[in-house]
Amino acid sequence: MSRPENVKWVDGLRGLASVLVISTHITRGFFLDLMKPTSEVEAPPKLFQYPFLRVLTQGRIGVAIFALVTGYVCALKPIRQIRAGDRNAMFNGVSKSAFRRVPRLILPTAIATTITWFFCQFGVFQVAEKADSWWLNFSAPRMTPYIGEAIYSLLLEMIMTWSRGWNMYDHHTWTMLPLLKSSMLVFIFLFAAAYCKTRYRIMVELGLFVYFYVSNDSTFGMLSFFGVFLSDLSQDPTHQSWCNARKWPGRLVTPIFFVLGLYLASYPEAEPGWMPWSKAMEDWSHYIFPRENDTPRFYTAIGLIFIALGIHFSNAAKSFLSSKYLLWLGKHSFAVYLLHGSLLRSILAWMYFGVHLPKDITVEGGGIEPGPPLQICGRFQFWALLPVWLGIVYLSAFYWTKYVDPWCARTTERLVKYVFEEPQMDLGAEKRLLPQ
């Protein structure tokens, strides 16, 4: 039996991902031109428009990390049990994990949506709706004038979250549906490959990775099964012995993979033809990616794969990601993901644009037009208030993790206890039923 893999670094990586998601939404709300390689044709790029640094503000890699971590964590214990020959325990564990996955995602998402919906009906997001920011205007939910329509809207958006990947009250919850689907595909794979020999199971994992690559599912399908592959590889005794006996992969391969991965993940979301480095990447994409692809997400996925391999070969990188500060961020990452969007469109919008709405303008003929958009505050106020808002986000996430998340966990366990029957220890019957 292989030595259990230390997964603390995965929690630290998840914490970094949540910070990057906040970063991308702040960038979209207030610095949208940073999504381009330069603000104008032939203009010099700003600091965070350069390769490598733009990964921090572009933030697209955050969602990709969640997808990879989903595959890695969902497969970790089952693969350990398969390698130990304890397949019956694996079947029982995967069955319950697949069942738990549904309420553990749906319950907190529904609670967060309900809270956002409630405050929306009191006009909390109207400042964001009137602000001089395209992304805030687009993402701010609108009030519903009548209570019946409002309740119908809430129920509809909850259903749409899990059927269409769309939620008017929390736009960023679009990731919940593909993450749920990805985890279920991983669980199905684990059932199907339980009796495969190790080398063929790994071949299937890589085959599914290639399948989702050619299917244009560059984030959730491709990265989830790369996470499964990495989880399997990290528990292989031969590979572990090879890595433990050599220091050069962590010293040589890891830096190369980090640089290459961050460069690839730097591909801009808009106007790649405005700078030579991004224009070259755009040209390469026609040869290495399928047709009609989402090129920015493909480059982010491939970049993250190199970064993940770099972490895999480096004990120093794992130790860094296992620091208590990153583990704290990882512990609160799901709560931060659920709460930060609504707090950005409410409290941060008030901090930056004020709380007074512009008055409508009466035009000739008696018509009414919206007043001018609210203008953002000065730079000093912007940067002085941002840490205050971040403190509010993480304080809210702390209490969510302390009270709401445990309630969701207890409710899920009560459902598991109610739905599942205890396995019978009739080994003879199991031997007759299971394939030999």
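Please refer to the structure placed before this passage.
Residues numbered from 1 in each chain as written. Predicted model: local features only at pLDDT ≥ 70, side-chain atom pairs only at ≥ 80, totals over all residues. Heavy atoms only, no water.

Could you give an account of the overall build of the protein, naming the residues involved and the relevant values?
A count of helices and strands for the protein gives 19 helices and two strands. Within the protein, buried positions represent 50% of all 436 residues. Across the protein, every contact between residues at least 6 apart in sequence was considered, and the portion connecting residues at least 24 apart equals 76%. Carbon and sulfur atoms form 65% of the exposed surface of the protein, whose accessible area is close to 22200 Å². Across the protein, 41 positive and 30 negative side-chain charges occur, with their mean positions spaced 11 Å apart. (Helix = DSSP H or I, 4+ residues; strand = E, 2+ residues; numbered from the N terminus. Buried < 20%, exposed > 50% of the residue type's maximum accessible area, 1.4 Å probe, protein only. Contact = heavy atoms within 4.5 Å. Areas by Shrake-Rupley, 256 points an atom, 1.4 Å probe, with all protein chains shown as cover. Lys, Arg positive; Asp, Glu negative; His and termini not counted. Charge placed at Lys NZ, Arg CZ, Asp CG, Glu CD.)

Explain the environment of R410 to me, and be specific about the residues and the numbers.
Position of R410 among the secondary structure elements: in helix α18 (residues 379–419). Linking R410 and F118, residues 292 residues apart in sequence, is a C-alpha distance of 25 Å.

Any chance you could break down the environment of G85 for me, citing the residues and the numbers?
Of note, G85 is situated in the loop between α3 (61–83) and α4 (87–120). Considering only alpha carbons, one finds G85 and W248, 163 residues apart in sequence, at a separation of 33 Å.

Which residues make up the pattern of salt bridges, and what values do they have?
Counting across every chain of the model gives twelve salt bridges. R297 serves as the salt-bridge partner of D294, at 3.6 Å between the closest nitrogen and oxygen. Connected through salt bridges with shared partners, the residues R83, R201, E205, D232 and D236 form a single ionic network. (Salt bridge = Lys/Arg side-chain N within 4 Å of Asp/Glu carboxyl O.)

Tell me about the side chain of R201, and name the residues and values.
With respect to the secondary-structure elements, R201 resides in helix α9 (residues 198–214). Within the local environment of R201, its side chain forms a polar contact with the side chain of D232, the two groups lying 2.8 Å apart. Leave out the neighbours within four places in its chain, and R201 touches I79, I82, R83, F189, A193, C196 and D232. (Polar contact = N/O pair within 3.5 Å; in protein donor to acceptor, adjacent residues only side chain to side chain.)

Account for the nonpolar core, naming residues and giving values.
Of all hydrophobic cores here, the largest spans 110 residues; its most connected members are M222, F226, Y352, F353 and W389. Looking at which element gives the most residues to this core, the answer is α3, with 14 residues. (Core = buried A, V, L, I, M, F, W, Y, C linked by side-chain atoms within 4.5 Å.)

Outline the packing of aromatic side chains, listing residues and values.
On inspection of all chains with the given rule, the structure shows 33 aromatic pairs. Arranged with centres 5.9 Å apart and planes meeting at 50°, the rings of F52 and Y263 form a pair that is tilted. Separated by 211 residues along the polypeptide, F52 in the loop between α1 (8–30) and α2 (54–58) and Y263 in helix α12 (residues 248–264) bring together distant segments of the chain. We classify F52 as partly exposed; its relative accessible area is 36%. Take Y263: its relative accessible area is 23%, and that puts it in the partly exposed class. Measuring from centroid to centroid gives 5.3 Å for Y213 and F298, while their planes differ by 80°, and the two rings are edge-to-face. Of this pair, Y213 sits in helix α9 while F298 is found in helix α14 (residues 295–313), placing the two residues 85 residues apart along the sequence. The exposure classification of Y213 matches that of F298, with both residues buried. (Phe/Tyr/Trp six-rings, centres within 6.5 Å; stacked < 30°, edge-to-face > 60°.)

Describe helix α7 (residues 147–163), listing the residues and the values that go with them.
Look at α7: 24 Å from first C-alpha to last across 17 residues, which is about the 24 Å you get at 1.5 Å a residue. Looking at α7, one finds that the buried residues are A150, S153, L154, E157, M160, T161 and W162. Check the buried side of α7 and you find it contacts α4 and α8 (176–192). Downstream of α7 by one or two residues, G165 has phi in the positive range, about 70°. (Expected span 1.5 Å × (residues − 1).)

Give me the lowdown on the layout of surface pockets, citing residues and values where you can.
Here the largest pocket defines a volume of roughly 1100 Å³. Contributing elements (two or more residues each) for the lining of the largest pocket: α1, α3, α4, α8, α16 (324–331), α17 (333–353) and α18. Broken down by element, the residue count for the lining of the largest pocket peaks at ten residues, all from α3. Classifying every residue of the lining of the largest pocket by side-chain character gives 16 nonpolar, eight polar and nine charged. (1 Å grid on protein atoms, 1.4 Å probe; cavity = no way out; pocket = protein on both sides within 12 Å on 5 of 7 lines; lining within 4 Å. Points joined across faces, edges and corners; volume = space filled by probe spheres on them. Nonpolar A, V, L, I, M, F, W, Y, C, P; charged D, E, K, R; others polar.)

Hey, could you go over the packing of α4 against α18 for me, with residue numbers and the actual values?
Between α4 and α18, whose axes approach to 9 Å, the crossing angle comes to 140°. Between α4 and α18, the angle falls in the class oblique. α18 is crossed by α4, and the crossing has right-handed handedness. Contacts between α4 and α18 pair K96, F99, R100, P103, R104, L107, P108, I111, A112 and I115 from the former with W400, V404, D405, W407, C408, A409, T411, T412, E413, L415, V416 and V419 from the latter. Within the contact of α4 with α18, the residues separate by chemical class into 15 nonpolar, two polar and five charged. (Axes fitted to C-alpha atoms, helices over the stretch in contact; angles between N-to-C directions. Parallel < 35°, antiparallel > 145°, perpendicular 65-115°, else oblique. Left-handed = near helix turned anticlockwise from the far one by under 90°.)

Let's hear about unusual backbone geometry: which residues, and what values?
With a phi close to 65°, E42 is a non-glycine residue in the positive phi region. Classification of E42 as exposed rests on a relative accessible area of 78%.

Describe in detail the packing of α4 against α17, supporting the description with residues and values.
Two elements in contact, α4 and α17, have axes whose closest approach is 10 Å; the angle formed by their N-to-C orientations is 20°. Taken as axis vectors, α4 and α17 run roughly parallel relative to one another. Considering only the axes of α4 and α17, their crossing is right-handed. On α17, the residues touching R104, L105, P108, T109, A112 and T116 of α4 are F334, L338 and S342. Residues belonging to the contact of α4 with α17 are distributed by class as follows: five nonpolar, three polar and one charged.

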